[in-house]
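Structural overview for review
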Amino acid sequence: MNKMPEFAILKVGDKEIQLPLVRGTEGDYAIDIARLRAETGMVTLDPSFMNTASCYSTITYIDGDNGILRYRGIPIEDLVKLGSFTKVAYLLVNGKLPTPEQSRNFSHLLNISSLLHEDMRHFFDHFPQGAHPMHILSTMINALAAFYPNVDLQSLSEDIDSSTARLISIVRTMAAVAYKKSIGEPVVYPRCDLKYCGNFLNMMFDSPVRPYVVRPEIERILNILFILHADHEQNCSTTAVRTVGSAQVNLYATISAGMSALSGPLHGGANQEVIKMLRLIEQDGNVDKFLKRAKDKNDPFRLMGFGHRVYKTYDPRADIIKKECHQLLETLEIRDSLLDVASEVEKAALNDEYFIERNLYPNVDFYTGIIYRAIGIPEDMFTVMFALARLPGWIAHWKEMIGHNTRIVRPRQVYIGKPRTPIF
Ligand code: ACO
């Protein structure tokens, strides 16, 4: 293979400048344009950042052409086998898998941080009936700054550690409280004898008249789903976290911004939209009609759970989830007709020229909703599940950003408005 040169040459008019090439550890190259404006007076234009790396990062590696995903160098397939979301959360936030002692300490920290301030519990009474839980949650996370010590880039590392554990643990409690309030049942408190995912299931589904027993296969699948969603490098919500955090906002407000970004239907909201779409297709009974609509540029309909900015092959997470989905439904002896519809849609799309040409494959969200339905999670909580899983990723990126002396994020623009238009 030809050796890459050390710089790219850019010619603008008569002027020629050299732009250094930087290389990632997996062999990716990028053109470093840090000196571009100073040397040419020009900026680059890249709407939606289709070609722009916004930072260096050591957290997650994705090879979208080959369907590879690794956290801190470890393949996602191995992390799924590890089967512990809290260990993977520790890995993302701290850079290494925990030793048994670190794991015990982290679990202890999660445990003692799991209770919601009693005064905050009353906030839930004042949201209108039917409010989306993602809106409730992003508001509540922002409010944490008024109840707990704030951390920002000047904070001591032990304060950052305790706020990290608080966020990972307490947002789970908040999610369960929001659900219990929405169905008018008494709130269930976290229990110190249950692990992270089992505790969440218990807070969601236990009731004084219908005691809940955590089934190991459901606890296992929740760990897997959370591991698969825990980070995905510079996606929309993580970029929101890095951008807002760069203004030196406290960690809670920063995470709340990520939460808001995730709620969009093109991002974390897609898992809920997939179920709506599958139901619509099932009612209609005509898969081809919906494929046709997805291909029609004059129709806003898109095949939800299909396509990805980075993956141009099968999303490795979707691959794992699809198998797990079939296996879980079999184990729980659940027959969900939406799984049949999903299989039919996938088969039709993967054989359709439009989807083949554009490399549109199922993404992580295509099968997750069917699993969540099977374990009793209501549809408007699907995105909340994604958000709980993504917390360690957001926190890891925030920590990485504050450690790099990052300057405030402030893109440029190309102004195409009116020229000077005086009114006097
Ligand atoms: N259905 C139909 N056509 C699609 C779809 C889809 N789901 N996704 C992309 N396309 C088409 C686009 O219209 C475009 O066609 P064109 O080249 O003829 O103009 C082409 O494929 C390229 O797509 P882009 O829009 O450039 O893809 P982009 O990277 O901007 O968007 C996104 C990625 C938002 C995920 C998109 O594929 C989409 O909307 N998918 C459905 C929503 C979804 O599943 N989101 C979850 C993403 S995963 C996550 O956030 C965890």
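Everything below is about the structure shown above.
Residues numbered from 1 in each chain as written. Predicted model: local features only at pLDDT ≥ 70, side-chain atom pairs only at ≥ 80, totals over all residues. Heavy atoms only, no water.

Moving on to the pattern of salt bridges. Counted by the stated rule, this structure contains 22 salt bridges. Here lysine 295 and aspartate 352 are joined by a salt bridge, their closest N and O atoms 2.8 Å apart. Remark: aspartate 352 occurs in the loop between helix 15 (337–350) and helix 16 (353–357) and lysine 295 occurs in helix 13 (residues 287–295); sequence separation between them is 57 residues. Of the residues examined, aspartate 352 reaches a relative accessible area of 13% and is grouped as buried. Each of Arg279, Asp336, Arg373 and Glu379 takes part in salt bridges that share partners, so that together they form one network. (Salt bridge = Lys/Arg side-chain N within 4 Å of Asp/Glu carboxyl O. Helix = DSSP H or I, 4+ residues; strand = E, 2+ residues; numbered from the N terminus. Buried < 20%, exposed > 50% of the residue type's maximum accessible area, 1.4 Å probe, protein only.)

Moving on to the packing of aromatic side chains. Under the definition given, this model contains 14 aromatic pairs. Ring centres of phenylalanine 85 and tyrosine 196 lie 5.3 Å apart, and the angle between their planes is 50°; on these two criteria the pair is classed as tilted. In this pair, phenylalanine 85 is assigned in helix 3 (residues 85–94) and tyrosine 196 in helix 8 (residues 196–205), connecting sequence segments 111 residues apart. Like tyrosine 196, phenylalanine 85 is buried. Look at phenylalanine 306 and phenylalanine 355: their rings are 5.9 Å apart centre to centre, the planes differ by 75°, and that puts the pair in the edge-to-face class. Taken together, the positions of phenylalanine 306 in the loop between helix 13 and helix 14 (316–331) and phenylalanine 355 in helix 16 put the pair 49 residues apart, joining distant regions of the chain. Taking the relative accessible area as the measure of exposure, phenylalanine 306 reaches 10% and is therefore buried. An aromatic cluster of at least three residues, connected via ring pairs, comprises Phe306, Tyr354, Phe355, Phe366 and Tyr367. (Phe/Tyr/Trp six-rings, centres within 6.5 Å; stacked < 30°, edge-to-face > 60°.)

Nonpolar side chains in soluble globular proteins tend to be buried together. Met174, Phe226, Leu303 and Ile377 are the most contacted members of the largest nonpolar core, which totals 123 residues. Not counting residues up to four positions away in its chain, the partners in contact with leucine 303 are Met277, Leu291, Ala294, Val345, Ala349 and Phe355. (Core = buried A, V, L, I, M, F, W, Y, C linked by side-chain atoms within 4.5 Å. Contact = heavy atoms within 4.5 Å.)

In the region of the ligand, 20 residues are neighbours, and Arg302, Leu303, Gly305, Arg309 and Tyr354 sit closest. A distance of 3.2 Å separates a nitrogen atom of the ligand from a polar backbone atom of leucine 266. Here an oxygen atom of the ligand and a side-chain polar atom of lysine 297 are 3.0 Å apart. Expressed as a share of its isolated accessible area of 920 Å², the protein-covered part of the ligand is 78%. Each residue belonging to the shell around the ligand can be placed in one class, and the counts come to ten nonpolar, five polar and five charged. (Near = heavy atom within 4 Å. Polar contact = N/O pair within 3.5 Å; in protein donor to acceptor, adjacent residues only side chain to side chain. Areas by Shrake-Rupley, 256 points an atom, 1.4 Å probe, with all protein chains shown as cover. Nonpolar A, V, L, I, M, F, W, Y, C, P; charged D, E, K, R; others polar.)

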